Amino acid sequence: MHNIDIDVVEMTLDIAKYVINRITNTSPELGKPMREEDLKALVGETVTEEGIGGEKALQLFKDVLVKATVPIDHPRHLAFVPASPSRAAVMFDLVTSASSIHGAYWMEGAGGIFCENEAMKWLVSLTGLPEGSFGVFTSGGTAANLSAMVTAREHWRRQATNQGKKGLIITSIGAHSSIKAMAQVIDVDVHLVDSEDRLLGGDLSNAINDLSPEQRQRLFAVVATGGTTNAGIVDELDGVAKVCKKENLWFHVDAAYGGGALAADSVRHLFNGIEEADSITIDPHKWLFSPYDCGAVIYKEPELAKKAHSQEGSYLDIFKDEGARGFNPADYQIQLTRRVRGLPLWFSLAMHGTAKYKWAVECGIALAKSAARMIEEDPNLELVREPGLSCVLYRRKGWTPDDYKEWTFKNHKDGFALVTPTKWKNGDTYETVSRFCFINPDTTEDDIKAILDSM
Ligand SMILES: Cc1ncc(COP(=O)(O)O)c(C=O)c1O
């Protein structure tokens, strides 16, 4: 399989043809899941002693398997946090794989890491963090949040009085599920401010004052959200920053989804205060048009991350040799061997320029505003709240939770759209509502109208 023969040539051409067709298809079939046994019945044995051949495997993938997936860049896929990787970024993802670069250490990956760092400089510049701040690309927001929390916890534990203590962080119920999940991974407790709305500095102060003296001693970090997953709400970052400073707490901003909006002049003011953060998560695979997977974690003091994450081993000493001096991404996040996953973003930025990124992000915000206007004009519909960044929550008057569910399944089954319900906390109750999240600049007002008309 390492020979270069006619099979490899044919397979390469077939794959190139598939890729070109796929990335030029602006309305790919909206696939839907199938039961595993049904997929197995359709494709049969694919992993055999002799192999089934590249042509057959690709054919099965094209004819059956990819049809059981939802293309995240479909213009009417407005569920969860969709994505819409630029064609340049997708193509360069192939180049990244073909180039076989080990992205952990400068010694092996210098040229690739250089490109990642050029893209990272732009990301850091969007945040307004001070000189010296820097970051690294991760597998996604979860890994970025985990890397930041480990750094914060290790920094806190360096103080002798905190050694051996179980840490505590504060966030709000609007924070993404990965915060709680990652707190479990590092065994720290989470205190939740019970509001899904904008977390204000005052709410945070009250929450800290409500802690017992024992809890207060264990509190080491606050996680604010720069664009909640559910509703696109940006916490009061300057207010939260002030409290963190006064209370000597690590200030992390999870802007995994909303971080792309730092590029958009129309909403940049909502993020004021982010420049005070100790660490920030931004996912280029969400709103910065990178293919999966690409997250990023940025630190105000990267040295603190290095102290927490840098791995030691006799086999790794060589990387610290004079000739290998440079930025080592492995030192700043949880992963050692890593793909240079920032390369597709770098290439697309280099090809298109940052102004196009600004424009593409503004499209999502404009689409949310258009959707809100259409909802207000429809007597059957009601906005739950004004759009937050590119998220719109709305209700279909008279609908039960089952109505939303059945409508979602029907649209998906028909290959028309994927728009899923969510819950919005209303006082003490949770109301099931419908939700749009716009990322793809190819989504049109006609798409939105057609979806709303189907309710
Ligand atoms: C605010 C926020 N944080 C973190 C995550 C987790 O990111 P990932 O799925 O890339 O791990 C998400 C995912 O939607 C998110 O919206």
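If you're wondering where the values come from, they're calculated on a predicted model, not measured in any experiment.

What counts, and where the lines are drawn
Residues numbered from 1 in each chain as written. Predicted model: local features only at pLDDT ≥ 70, side-chain atom pairs only at ≥ 80, totals over all residues. Heavy atoms only, no water. Helix = DSSP H or I, 4+ residues; strand = E, 2+ residues; numbered from the N terminus. Rg over C-alpha atoms; globule rule 2.2 N^0.38 Å. Buried < 20%, exposed > 50% of the residue type's maximum accessible area, 1.4 Å probe, protein only. Contact = heavy atoms within 4.5 Å. Areas by Shrake-Rupley, 256 points an atom, 1.4 Å probe, with all protein chains shown as cover. Near = heavy atom within 4 Å. Nonpolar A, V, L, I, M, F, W, Y, C, P; charged D, E, K, R; others polar. Pairing = 2+ DSSP bridges. Axes fitted to C-alpha atoms, helices over the stretch in contact; angles between N-to-C directions. Core = buried A, V, L, I, M, F, W, Y, C linked by side-chain atoms within 4.5 Å.

Undergrad: Quick rundown of the overall build of the protein? Include the residues and the values.
TA: The secondary structure content of the protein amounts to 16 helices and 11 strands. In terms of C-alpha radius of gyration, the protein reaches 23 Å, essentially the compact-globule figure of 23 Å for 455 residues. C-alpha extents for the protein along the principal axes are approximately 70 × 65 × 45 Å. The buried share of the protein, reckoned over its 455 residues, is 51%. At a minimum sequence separation of 6, the contacts of the protein that also span at least 24 residues come to 72%. In the form shown here, the protein has an accessible surface area of approximately 21,200 Å², with 53% of it arising from carbon and sulfur atoms.

Undergrad: How would you sum up the site of the ligand? Please name residues and give values.
TA: Around the ligand sit 14 residues, and of these Gly 141, Thr 142, Thr 229, Asp 254 and His 285 come closest. Bound to the protein, the ligand loses 84% of the 390 Å² it would expose on its own. Secondary structure elements with two or more residues in the shell around the ligand: helix H6 (141-157) and helix H11 (284-287). Here the shell around the ligand gets three residues from one element, more than from any other, and that element is H6. Split into classes, the residues belonging to the shell around the ligand amount to three nonpolar, eight polar and three charged.

Undergrad: Run through the sheet that holds strand E9 (residues 391-396), naming residues and quoting values.
TA: Judged by pairing direction, the sheet is antiparallel, and its four strands sit side by side in the order E8-E9-E11-E10 without closing on themselves. Where the open sheet ends on each side, the last strands, each with one partner, are strand E8 (381-383) and strand E10 (421-426). Across the sheet, the mean angle from the axis of one strand to that of its neighbour is 50°, orientation sign disregarded. Where E9 meets strand E11 (residues 429-437), four bridges bridge the pair, whose relative direction is antiparallel. Residue pairing for E11: Leu 393 is matched across the bridge by Arg 435. The sheet contacts of helix H15 (residues 401-413) involve E9, E10 and E11, and relative to E11 the element is tilted by about 25°.

Undergrad: If you had to explain the side chain of Thr 281 to someone new, which residues and values would you point to?
TA: Mapped onto the elements, Thr 281 comes out in strand E6 (residues 279-282). On the accessibility criterion, Thr 281 (0% relative accessible area) is buried. Setting aside residues no more than four positions away along its own chain, Thr 281 makes contact with Gly 141, Ala 144, Asn 145, His 252, Val 253, Asp 254, Ala 255, Ala 256 and Ala 296.

Undergrad: Break down the nonpolar core for me, citing the residues and quoting the values.
TA: Ranked by size, the top nonpolar core spans 88 residues in total, and within it Leu 123, Phe 251, Ile 280 and Trp 287 carry the most contacts. With eight residues, helix H5 (residues 106-127) is the largest single contributor of residues to this core. The contacts of Trp 287, once residues within four sequence positions are left out, are Tyr 257, Gly 258, Gly 260, Ala 261, Val 361, Gly 364, Ile 365, Leu 389, Ser 390, Phe 438 and Ile 439. Ala 372, Val 419, Phe 438 and Leu 452 belong to the second largest nonpolar core, which has 21 residues in total.

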